[in-house]
Each structure stands twice: as structure tokens, then as C-alpha cells.
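Understanding the architecture of this molecule
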Amino acid sequence: MSHFLVHSAATLLLQLVAQGQLDMEGALTARDRVGIQDFVLLDETTEAAFLSNLKKRFSKDLIYTYIGTLLVSVNPYKELDIYNKKQMDIYMGVNFFELPPHIYALADNAYHTMLTEFNNHFILISGESGAGKTEASKKILQYYAVSCPSTTLLNTVRDKMLMSNPVLEAFGNAKTLKNDNSSRFGKYMDIQFDGQGDAVGGHILNYLLEKSRVVHQNHGERNFHIFYQLVEGGSDDLLHQLGLERGCQHYNYLTQNTFRNSVFSMFIVSNRGILLINYNFVQHLFEVIASVLHLGNVRFDSDSKGHALLNNNTELHWVSNLLGVDAHRLQEGLTFRKIEAKKDQVLSPFTTDHAIYARDALAKAIYGQTFTWLVNRINESMENKDPSRKTVIGLLDIYGFEVFYVNSFEQFCINYCNEKLQQLFIELTLKSEQEEYEAEGIEWEPVQFFNNKIICDLIEEKHRGIISLLDEECLRPGDATDLTFLERLEEKMGNHPHFVTHKLADKMTRKTLERGDFRLLHYAGEVTYCVVGFLDKNNDLLYRNIKDLMCQSKNDIVKECFSSMDPDSRRRPETVVTQFKSSLQKLTEILMAKEAWYIRCLKSNESKQSGQFDEALIRHQVKYLGLMEHLRVRRAGFAYRRKYDVFLKRYKPLCPATWPHWRGVAADGVEVLVQHLGYLPDEYKMGRTKIFIRHPRTLFATEDAYEKCKHELATRIQAKYKGYRAKGEYRKQKEAATKIESCWRGTQARKEKEKRAWAVKVIKKFIKGYMTRGQAKNTDNSEYLAFVRQNYLNRLRDNLPKTVLDKTTWLTPPAVLTEGSLFLFVVITVKFSIPFLSLQFQMKLITSSIFKGKKDSYPQSVAHPFSHHSYYCVPVIKYDRNGFKPRQRQLILTQTAVYVIEEAKIKQRVLYTSLKGQTSVLIYILLVDDSNTTFIWLFQGDLVVQCDHLFELLTKLCVIANKQNAIKVVQGSINFEIQAGKGGAVDFSTGPEPMVYKAKNGHLMVVSWALSLLSHVSVQTGYHFFFSDYI
Ligand SMILES: Nc1ncnc2c1ncn2[C@@H]1O[C@H](COP(=O)(O)OP(=O)(O)O)[C@@H](O)[C@H]1O
Ligand SMILES: [Mg+2]
């Protein structure tokens, strides 16, 4: 364990936050779904909590979880419906944390970061064999193929990139115990994008193909897929042409395995019309594969000396045929070794074992070289020749950490590679952390985690590492063997804490180790390597004569491959492991120059079963992949960091001082805000541009408060809005009121104006009238004169002389009324002094008080003087109450009674005293509208009469009987009692001719003239008459 001063989150976070692309808040709101989407937000960073979260999510088929921007993926071993076009669309251009974790989110984010920053990226996919790395890399490639802009030209490039996968998998993948489709080579693929984000090219780097698989496979494993695809899927013609028989049981290099491959990928390539490889070469490729299979079937006999013999072998002929080499020379090459002594060449025969070794070496070499050739061809076809600058996203899908029952040189290389990548991961992660802390001026805090540099050094250190010792053994003259190599290791590594052998081990450990084994304590666990074959595999020797022969091959592929091996060079070629080491070194350099993204793949169980979450297995992977450490590194210092302005923008409603606006610097606002929230000094740090929050719980509390506050705010905003609305309403009403008011005022003003205008006119007229008052009555002065007259009369009324004798106080009349005034003066002073005239006037006054304004015909009666006799007689028509028969009668009023007379015969006498009954209304005067024809019904006297001198009659009656208040003027109709229980009625209406008759309904119908008619008639006929007959 080593101490590192580490800042708490990874560079990527820094980069993303800097671009504003990272939205942890999305994860915050989503945190209550299934488990936690980002381990960084786990409440406690224990392994148990980590695994429990992983398990919870896995059980719901949520195989992806983040640690910040690192993606943890658990192999579900079943098809999930999360890789369709719809899903891709969802993730396109969306902020990383806004949606549930997905490999598309990571791919998309890397892509967009690349476009905005115009820099290079790589996605490191790691995990042990079978964890899902290759699948992940394919998914990313598919995502880019769909999501990037497309044109026909680009589609071709894209299709080639996609097509390269099955081809390389056919040649480079095989079924192992760990994985049915295990990559037996390392692959780093650059996808090149132009400035618009179009995928315009690709390039693949391949690493150390496990060639030994061509000639030997462990129990339960298989050779590379292509062999099976050919012998099981190739057409009869093709097989015949290649001298092959259908079925893998015919070939020594092929184990019999029921595992089936779905397609013959070579055909896919040509049938789709997208040629990664020229069709002629496809044929040569088949020849190479077939030749390898034939080689495997070449058997050697041995002569008496044990030398290998190869006579008339059909398989050999097929090989020479297919590879286009001379059969005899091939036979020689497989059974003799050419030794160059000075200028002579001596052939030294092989033992059978040696011959088999040489045969296998040739098979491996052909296959291995062909694989490299294939990669080169694919690269050529995907190459973008446009020299303009491009950015790339590199996809690294390299063989995962591997532990088998027996582990050999290949596992050693593979696991070394994984150590290197882990080292790279640690360095990049830490580096970015440190950079961020430095940039923010935050103090570093040490985080304990395992740094595997010590193992890397153990393996690759110059002169002292395992690789150096292996090379030394391979190159040194003398009898170097696998065992001498082991001894050398023991010698040099004796007390290294990560190295142990049978000899070095304590008793307990020794039991688990064979004598030919050495054990390395890798970061991912212990691996015991069997040294057998290490030297040979590292040397990878191919005898010279064979090599030379291959250079003359008529198969273009073989010829090209072996020619490039530089057969003339006297120098020994670099050993396999040294080549591998330097290629890894180059890879590290390539990767270090790019921005890193990580996908950590976990295997859910060893038996490739869906739905099985092998806790122990996963715990182990979590451990060695350093996920806990990574998490702790991310969280050690501070789990969360955010730019001040972003933080403030989100949480400012939580503090009155910052809500709704903070006017000052964002950092100060954040300080005020967190003070208000009660953050303890230890819980957060203020960086240069960001606030760092140590624990997720602090953030959660803040977020919860924010959620709550949001609702309150919503209510407040709602209330405000309602208020605003109401205010608007009020304003509207007020406006309306003002409008109405102004209209009203206008109207008033106009009225006022009219009034004034009218007043002016009146006054003008008045003045004019005044000025012309002396003239005869004309239009100018008539109104004025009327006014003067009226005015004078009114004044006169109030100022009449007190006695008739007073002749001095008479008001001086205006000129216009001189005559009238004199008349009045005479009337009043002379006529009023005559008693009967005075009485006459008094009677008229009473009439006025009774009828004025009540009966329209009244005014016409004013001018007629009343009779001045002490009794009064008037002709009337009396109607029977029963049949309404009209009868001419005289009505005579005496001082005591009313008499109804028929031709000097008294028919009826009604005493006034008898009128003083209980009924207040004694006399009805029935007036039909304005008829002069009037009916009096003397209630008590049962009298229904019609009389033309209504006003006089009634006034007299009232005065004599002293019943002024008993007269009531009614209209319409009246009902009365004919006798007890029997009613009668009189109806009034108007008509062209006055009539009285008994109507059909039995009522007395009285039709009178309308006033207008009446007045007309009255003028014409002057119909009134006095009776001078008195009783
Ligand atoms: N995302 C996935 N969904 C479904 N199955 C998967 C997924 N990833 C891996 N697998 C299954 O696991 C097998 C091994 O995956 P692979 O990517 O070849 O592992 P690796 O490359 O890490 O050795 C695949 O063949 C497939 O059956
Ligand atoms: Mg793989």
C-alpha cells in the first residue's frame, strides 16, 4: 500500500464540470429509484454498501452504475432491450447524469466533449475475460455508427468499421473456459472524426495474438472461430477446392466442440459488397487457413536414428499446393534444419519432436502473420486520406485478466498487460485529481489505495524484471531451459513480496505450488504460472529455411507477410515478450496523450448464467479493479464539487440573502448561502472557482431542503401570480371606471353646455323681451310678457288690499297689464263687495280645491259662473239600479236635503244628515276619463244620476252638506250593491259619441268623449245650460 496525496474527484469530472456538461443534480433527483445510480452518492463507502447497491440494481436488470464518470457494467448474460435505436436517440446529446447510467451516455459524452474541446479521447474498457469488454466496445461503435452525421461516403467508412469486428473476431477470438467468444488479441481502435463530428476513418492496433492456440487448446476450449466457420460453414465447392472435409473431427488442430458459430463471417464481408479485402485475397485467406489445418494433420515417421521422416504425405502436398511452395523444399524444411557454417550450408535432420515443433511453429507463424496482415488490410480500407486535422476516440478492448488452472506464457503477457492498464488508470485518475485540487487551491488529502506499480516493476524493470531475465535466458548461449529461467527468477526475485515459488514459499504455500511454477501476486489476485514453454514461446523461433521458403510462396498473403519479416537480417529478432512490452509502452503513450473514459466490466458469475449475482466473485473483481479505491479517491476529499455560479443558481432559494438575486460575486453568495444552511467548516471547502462538499449527506440534505423549498416557492409564486392577476383585474376595472367616469363627465359637461346654451337663449330672449316689452305682442316678447303677467298676478295675489275700501295699495301693474290690472281692481274692489259675487267666488275656490288637477274638463268649467240662488236645481238623468233604465229627473238641493223630482213630483228625498253615515265616502263622482258626462251616485240615497253641470252640482252639494272630503274621483269602473248580495257595476270608456246604455254583461256602460274631442265639441255646441226651475 502506498500513500498518495489525492484530490477527491477525477479529472474527467473536472473537465466535464468545466464544460458544464456534467449534471450530478440529475443523479440526485433520480437517486431514489433502484439503488443509487452513482456510487459517489452512496452514504457510506463500504464494500458491503457497494455490493448491495450493485446487486439491487442488477436484480432489476440495471447493469450500469456510475462512479462519477466511470461506468461500472455487470455482465447480464442475457439480451437486454436497452440497445435499440430508441435508446440511442434518448441518450444523444443529453447531459451525462440526466438519464439513467448507460454505455451510450458515456459514448455520447466522450463524443461531445471531443467536439467541443477538439481533443482526443479514449475509452478504456477493462475487466476480466468474459466480463463484457468486447460487447461494450461493439455497443459503442454501433452507437457512433447510428448517432454521428451520415452520408453515403461516411456510411461506407462506418460499415467498414462495423464489419471489421466480425472479421477480426473470427480470426482473433476463440472459445475459452471463461468466455465463448474470448478475444485472444488486444485491440485498440481509433475512430477518427472530422470537425463536424462525422466518423471519417478508423485505425486498429492489434496486440499479441495468442498464436499458441492455433496448435493447441486446453481442454474445453477451442481454436480460433475461423477454422470452425470454414470447415463447418464453407460451401462444398470451397472445401473441395481447399482439400478439406466437412467436420472438425478430421483435424488435429481442432478440438471437437459442440459450440456453434452462427455465421461464416468471410462471406458476410464479400456478400455485403463492402470489401474490407480485395476478393482475390479472400481466396488466399482461405488457402492460408486450410494450409494450417493440413499442416496440423502432417504426421512424421521416424527412422532408426529417430530422425523425422515425411514420405509422400498428401497433407504435405495440400500445404505446398495451398501455399504455392515447392513440396520437396517444404518437406525438407519440416524435417531438416539448415546450419550455416562459414560459407557452407549443412542440413541437420530433426528428431520427430523437433519436426513437430517446426511444423507447429510454421502453422503459428503463418496464422499470426496473416492475422497482422488482415489488420493492416482492414486499416487500409478504413483509412481516411484527407490530411485535415481530425480528432479521435480510441476504444481499447484488450484481453482481460485471466487465471486458468494452468497458466502459461500467454497468461503471463495478458496479465502483465492488465497490470499496465491498471497502472495507467491509477496514474490518470490521480493526476487529474491532483490537477483539479491544484487548480482550485485546495489542500491535498492522502488516500490509501493499492498502487500496482510494484508489480509492474517486478515484471518489466530493466535488467532486473522478469521480462529481462526471460530474455536473458532466451538469448544466452548454452543450455538455457525453462527451469534455468525459474532458477534465475528465484535468485533475483528472492524476497519480492509479490513473487513466490515452490522453493521460496513457506510450508503452507509450498503445498499449492509445483516445482516448475512461479506465482505472482497480481493486483487482481494470485496467478501461478507454469514455466514450461516460456522460452520457446518467447523465442518464437522459425527455422530459417522455412522462413526463406515462405518468402517464395505463390500465395500473396504469405509471401508478403514473410518478406516483411526481413529474412536476411543476421540479427536475432526481438523476443515476443520484449515486442509486447514495447507495444504496450507505445500504447501507454498513445493513451496518456488523450482524455480518458473508463468502463469497468464485471462478470456476474462463472457459469455464464443470466440472473446470477455471484457475490464472492463480484466482490473479488470490485476489489482488484480498485473500484472501492477509485470511489474513495473520488470521495476522499470531497464527494461533490460544483462551480460557484451553478451551485448558487440552484440553491439560492434556500437563503433569504441570496433569493431571488445575489448581487455580488457568486463565491460570496455561496459562502452566505452555506453559512445560512449551517454547513460546518469541515464539511466544505471553497476553491477558486468551485465549492467542494465533503459528504454526500450534506448535499442530500441541501437537495432535500431545495425540493421542499421548491414547493413552497411554487406556492408563493402561485400566490404572487394570483395577486398579480387580481391586480390586473383591479387595474382593468379601474380603467373601465375611469373610462365610464370620463364618459359620464363628458355627457354631464355636454348636458351642462346644452343647459347653458339654453339658459343663454332664455336669458337672451328674456332680455330681448324686456327690450321689446313696449311693443305689441310678438314672438320676441310674448314669453316675456307672459312672465311679467304671471309675476305680477302672483305678487298681486300676495299683496291684495286688505279691504275693498283700500284703494291706494294696489300694485302698480306693468304696462302690458294695465288694462287687466284695472279690470281686476274693479272686480276685487267692486264685485267682491257684492255678497253673492263673493259667494260665487268662494264656491269656485271650493270647486277648484276638489277638482283642480283631477278632472281634465275642470278648467273649462271655471269661466262659467255658478247659480247664485240659495237652492239649486239641475236636470239629471237617473238610472235605475236594477235595469239601468234612464229617466229624466230634476235634482233639487235645498238647505237640508236633495230631492229627485219627476215632473213636479218628489220621487225621492235624501237628507244630508242621512249622508253622514258610517261610510266615509258618500259620493262617488264617476268620471270616465275626461268626460263631461258625469255620474253621481249618492250611495245612501241609491241614486245613480247623470248630470251635465257636474262641477256646480257637486260643489254646491258639498258646500250645503258640508261634505267636501266625501268626493272621490275614480276611473275605470265601479261596483256597487244593488241589494243585499246582488252587485251591479258601471263601466266607463271613451268613444266617438257619448252614450249610456246597459251592456251585454249587465253593467251600465258609459261612453264619453275623449278630452280632445270634447273640447272640440264644447266649443262648437257650448253645451251647458242652467235650470232655473227650483223646488
Ligand atoms: N451488455 C451485455 N448484454 C448481454 N450480454 C452480454 C453483455 N456483455 C457481455 N455479454 C455476454 O457475455 C459474453 C462475453 O462478453 P465479452 O464482451 O466477449 O467479454 P470480454 O470481451 O470481456 O471477454 C458475450 O458473448 C455475451 O454473451
Ligand atoms: Mg473480449
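Residues numbered from 1 in each chain as written. Chains lettered and ligands numbered in written order. Predicted model: local features only at pLDDT ≥ 70, side-chain atom pairs only at ≥ 80, totals over all residues. Heavy atoms only, no water.

Here's the deal with the overall build of the protein chain
So the rule is basically this: To qualify as a helix, a DSSP run of H or I must reach at least 4 residues; to qualify as a strand, a run of E must reach at least 2; elements of each kind are numbered from the N terminus. The cut-offs for exposure are 20% and 50% of the maximum accessible area for each residue type, with area from a 1.4 Å probe on protein chains only; residues under the lower value are buried, those over the upper are exposed, and the others partly exposed. We call two residues in contact whenever any of their non-hydrogen atoms come within 4.5 Å of each other. Calculation of accessible area relied on Shrake-Rupley with a 1.4 Å probe; when residues are assessed, cover is drawn exclusively from the protein chains displayed.
Looking only at helices and strands, one finds 36 helices and 33 strands in the protein chain. With 1031 residues in all, the protein chain has 52% of them scored as buried. Across the protein chain, the fraction of contacts at a sequence separation of at least 24, relative to all contacts at a separation of at least 6, is 65%. Carbon together with sulfur atoms contributes 53% to the accessible area of the protein chain, which is approximately 49,500 Å² in total.

Details of empty space enclosed by the protein
Rule in force here: The definitions used throughout rest on a 1 Å grid laid over the protein atoms alone, on which a cavity is an enclosed set of points accommodating a 1.4 Å probe that cannot get out and a pocket is an open set flanked by protein within 12 Å on both sides along at least five of seven lines; lining residues are those having an atom within 4 Å of a point. Grid points are joined across faces, edges and corners, and a volume is the space filled by probe spheres set on the points. Residues are grouped as follows: nonpolar covers Ala, Val, Leu, Ile, Met, Phe, Trp, Tyr, Cys and Pro; charged covers Asp, Glu, Lys and Arg; every other residue, Gly included, is treated as polar.
The full count for this structure, using the stated rule, is nine cavities of 30 Å³ or more. The wall of the largest cavity is formed by Leu 208, Leu 209, Glu 210, Lys 211, Ser 212, Lys 364, Phe 409, Glu 410, Lys 537, Asp 540 and Val 576. Class assignment of the residues belonging to the lining of the largest cavity gives a composition of four nonpolar, one polar and six charged.

Points about the sheet that holds strand S3 (residues 70-74)
Inclusion rule: Note: two strands are recorded as paired if DSSP finds a minimum of 2 bridges between them. Note on method: axes are straight lines fitted to C-alpha atoms, helices fitted across the in-contact stretch only, with angles between N-to-C directions ranging 0 to 180 degrees.
Sheet architecture is open: seven strands sit in the order S2-S3-S18-S4-S13-S7-S8, paired in mixed fashion. Single-partner strands in this sheet number two, and they are strand S2 (64-67) and strand S8 (199-207). Each adjacent strand pair in this sheet contributes to an overall mean axis angle of 20°, direction not counted. Where helix H15 (residues 352-382) meets the sheet, its contacts fall on strand S7 (186-193) and S8, and the angle it forms with S8 comes to roughly 165°.

Examining helix H35 (residues 950-961)
In plain terms, the rule: Working rule for helices: expected span equals 1.5 Å times residues minus one.
Between its terminal C-alpha atoms H35 stretches 16 Å, which fits the 16 Å expected from 12 residues at 1.5 Å a residue. Among the 12 residues of H35, 10 are classified as buried, and the element is accordingly described as predominantly covered. Every buried residue belonging to H35 is among Leu 950, Phe 951, Glu 952, Leu 953, Leu 954, Thr 955, Lys 956, Leu 957, Cys 958 and Ala 961, and all of these are buried. Of the residues trailing H35, Asn 962 is marked for its positive phi of about 55°.

Here we look at the coordination of the magnesium ion (ligand 2)
Defined as follows: Donor criterion used throughout: N, O or S atom within 2.8 Å of the metal, extended to 3.2 Å for Na, K and Ca. Water excluded; incomplete-looking sites may result.
For the magnesium ion (ligand 2), the full set of protein donor atoms is Thr 134 (OG1) and Ser 183 (OG), and the range of their distances to it is 1.9 to 2.2 Å. In this pair, Thr 134 is assigned in helix H6 (residues 133-147) and Ser 183 in strand S6 (residues 182-183), connecting sequence segments 49 residues apart. For Ser 183, a relative accessible area of 9% translates into the label buried.

Brief notes about the site of ligand 1
In plain terms, the rule: Being near a molecule or strand, for a residue, comes down to having at least one heavy atom within 4 Å of it. Throughout this description, a polar contact denotes any pair of N or O atoms lying within 3.5 Å of each other; where both atoms belong to protein, one of them has to be capable of donating a hydrogen while the other can accept it, and for residues adjacent in sequence the pair is counted only when both atoms sit in side chains.
Around ligand 1 sit 16 residues in total, of which Asn 75, Gly 130, Lys 133, Thr 134 and Glu 135 are the nearest. Within the side chain of Asn 179, an N or O atom sits 2.8 Å from an oxygen atom of ligand 1. Split by residue class, the shell around ligand 1 holds four nonpolar, seven polar and five charged.

Description of the pairing of S3
The element S3 is largely enclosed, with a buried count of five among its five residues. Here four bridges tie S2 to S3, and the two strands are oriented antiparallel to one another. If you follow Ile 67 over to S3, its bridge partner there is Leu 70.

Here's the deal with a positive patch on the surface
Put simply, the rule reads: Patch definition: residues above 30% relative accessible area lacking any salt bridge, with like charges linked at up to 9 Å and the nonpolar side chains Val, Leu, Ile, Met, Phe, Trp and Tyr linked at up to 5 Å. A pair is scored as a salt bridge if a Lys or Arg side-chain nitrogen falls within 4 Å of a carboxyl oxygen belonging to Asp or Glu. Just so you know, the count uses Lys and Arg for positive and Asp and Glu for negative, and it drops His and the chain ends. The atom standing in for a charge is NZ when the residue is Lys, CZ when it is Arg, CG when it is Asp and CD when it is Glu.
A cluster of basic side chains, namely Lys 507, Arg 510, Lys 511 and Arg 515, defines a positive patch on the protein surface. In this structure Lys 507 comes out as exposed when scored by relative accessible area, which is 73%.

Quick look at the packing of aromatic side chains
Inclusion rule: Here is the rule: rings of Phe, Tyr and Trp (six-membered ring for Trp) pair when centre to centre is within 6.5 Å. Planes less than 30 degrees apart are stacked, more than 60 are edge-to-face, and the remainder are tilted.
Scanning the entire structure with this criterion turns up 34 aromatic pairs. Seen in terms of ring centroids, Tyr 679 and Tyr 684 are 5.8 Å apart; in terms of plane orientation they differ by 65°. Their pairing is edge-to-face. Of the two residues, Tyr 679 and Tyr 684, both sit in the buried class. A ring pair is formed by Tyr 770 and Tyr 784, whose centres lie 6.0 Å apart and whose planes are at 80°; its orientation type is edge-to-face. Here Tyr 770 is found in helix H29 (residues 696-771), whereas its partner Tyr 784 is found in helix H30 (residues 782-798), with 14 residues between them in sequence.

Looking at the UniProt feature "binding site: ATP" (unreviewed entry) in the protein chain
Note the cut-off: UniProt positions are given in the numbering used here, feature names are shortened, and annotations may be inferred rather than shown by experiment.
Per the UniProt record, the feature "binding site: ATP" (unreviewed entry) sits at Gly 127, Glu 128, Ser 129, Gly 130, Ala 131, Gly 132, Lys 133 and Thr 134. Relative to the helices and strands, Glu 128 resides in the loop between strand S4 (121-126) and H6. Here Glu 128 falls in the buried class, since its relative accessible area comes to 7%. Not counting residues within four places of it along the chain, the set of residues in contact with Glu 128 comprises Lys 133, Gly 400, Phe 401, Cys 601, Lys 603, Glu 606, Gln 621 and Tyr 624. Considering the arrangement of structural elements, one finds Lys 133 in helix H6. Using a relative accessible area of 6% as the deciding quantity, one classes Lys 133 as buried. Residues in contact with Lys 133, not counting those within four places in the same chain, are Ile 125, Ser 126, Gly 127, Glu 128, Asp 397, Ile 398, Tyr 399, Gly 400 and Cys 601.

Observations concerning the pairing of strand S23 (residues 886-893)
Across a regular strand the side chains alternate sides, sitting on one face of the sheet and then on the other. By the bridge criterion, eight bridges tie strand S22 (residues 872-879) to S23 in an arrangement that is antiparallel. Bridged to Tyr 872 within S23 is Leu 893. With antiparallel pairing between neighbouring strands as the criterion, S23 and strand S24 (residues 897-902) make up a hairpin whose turn holds three residues.

Observations regarding the packing of helix H18 (residues 466-475) against helix H19 (residues 482-493)
Where we set the bar: Handedness of a crossing is defined here by the sense of rotation of the near helix relative to the far one, left-handed for an anticlockwise turn of less than a right angle and right-handed for a clockwise turn.
Remark: H18 packs on H19, axes separated minimally by 10 Å, with the N-to-C direction vectors making an angle of 140°. Once H18 is placed against H19, the crossing between them reads as right-handed. Contact residues: Ile 466, Leu 469, Leu 470, Glu 472 and Glu 473 in H18; Thr 484, Phe 485, Arg 488, Leu 489, Lys 492 and Met 493 in H19. Tallied by class, the residues present in the contact of H18 with H19 amount to six nonpolar, one polar and four charged.

A closer look at the environment of Ala 174
Summarising the element assignment, Ala 174 is placed in strand S5 (residues 173-174). The residues touching Ala 174, leaving out its near neighbours within four places in the chain, are Asn 179, Asp 180, Asn 181, Ser 182, Arg 184, Arg 213, Arg 222, Asn 223, Phe 224 and His 225.

Topic: the side chain of Asn 545
Examined against the element boundaries, Asn 545 turns out to sit in helix H22 (residues 544-551). With relative accessibility at 5%, the residue Asn 545 sits in the buried group. With residues up to four places along the chain from it excluded, the contact list for Asn 545 reads Glu 332, Gly 333, Phe 336, Arg 337 and Lys 338.

Here we look at the pattern of salt bridges
Opposite charge on two side chains permits pairing when their charged atoms draw close. Taken as a whole and judged by the stated rule, the model has 36 salt bridges. The salt bridge involving Glu 606 is made with Lys 178; its shortest N-O contact spans 3.9 Å. With Glu 606 in the loop between strand S18 (595-602) and helix H25 (615-624) and Lys 178 in the loop between S5 and S6, this pair connects stretches of sequence that are 428 residues apart. Through salt bridges with shared partners, one network takes in Arg 184, Glu 210, Arg 213, Glu 221 and Glu 402.

Things to note about unusual backbone geometry
A cis geometry characterises the amide bond from Trp 659 onward to Pro 660, with omega recorded as 0°. Structurally, the position occupied by Pro 660 is in the loop between helix H27 (644-651) and helix H28 (666-677). Positioned with a positive phi, Leu 208 is a non-glycine residue whose angle comes to about 25°. Checked against the element boundaries, Leu 208 lands in the loop between S8 and helix H8 (212-215). The phi dihedral of Lys 608 falls on the positive side, at around 55°, and the residue is not glycine. Within the secondary structure layout, Lys 608 lies in the loop between S18 and H25.

Quick word on a nonpolar patch on the surface
A cluster of nonpolar side chains, Ile 763, Phe 766, Ile 767, Tyr 770, Met 771 and Phe 787, forms an exposed patch at the surface whose accessible area comes to about 610 Å². Counting residues per element, the nonpolar patch draws most heavily on H29, at five residues. As for its position among the elements, Phe 787 is in helix H30.

Here's the deal with the environment of Tyr 792
By the element assignment, Tyr 792 lies in helix H30. Residue classification places Tyr 792 among the buried positions, given a relative accessible area of 1%. Taking the C-alpha atoms as reference points, Tyr 792 and Pro 814, 22 residues apart in sequence, are found 7.5 Å from one another. Excluding residues that lie within four positions of it along the chain, Tyr 792 makes contacts with Trp 810, Leu 811, Thr 812, Pro 813, Pro 814, Leu 817 and Ser 821. Polar contacts involving the side chain of Tyr 792 include one to the side chain of Trp 810, which spans 3.3 Å. In this structure the side chain of Tyr 792 is engaged in a polar contact, spanning 2.7 Å, whose partner is the backbone oxygen of Leu 811.

Quick notes on the packing of H15 against helix H23 (residues 556-563)
Where we set the bar: Should an angle fall under 35 degrees it is taken as roughly parallel, and over 145 as roughly antiparallel, whereas 65 to 115 is taken as roughly perpendicular and any remaining angle as oblique.
As a packed pair, H15 and H23 sit with axes 9 Å apart at the nearest point and diverge in direction by 95°. With respect to their mutual orientation, H15 and H23 come out roughly perpendicular. Of H23, the residues touching H15 (which contributes Ala 365, Ile 366, Gln 369, Thr 370, Trp 373 and Arg 377) are Ile 557, Glu 560, Cys 561 and Phe 562. In terms of residue class, the contact of H15 with H23 is built from six nonpolar, two polar and two charged.

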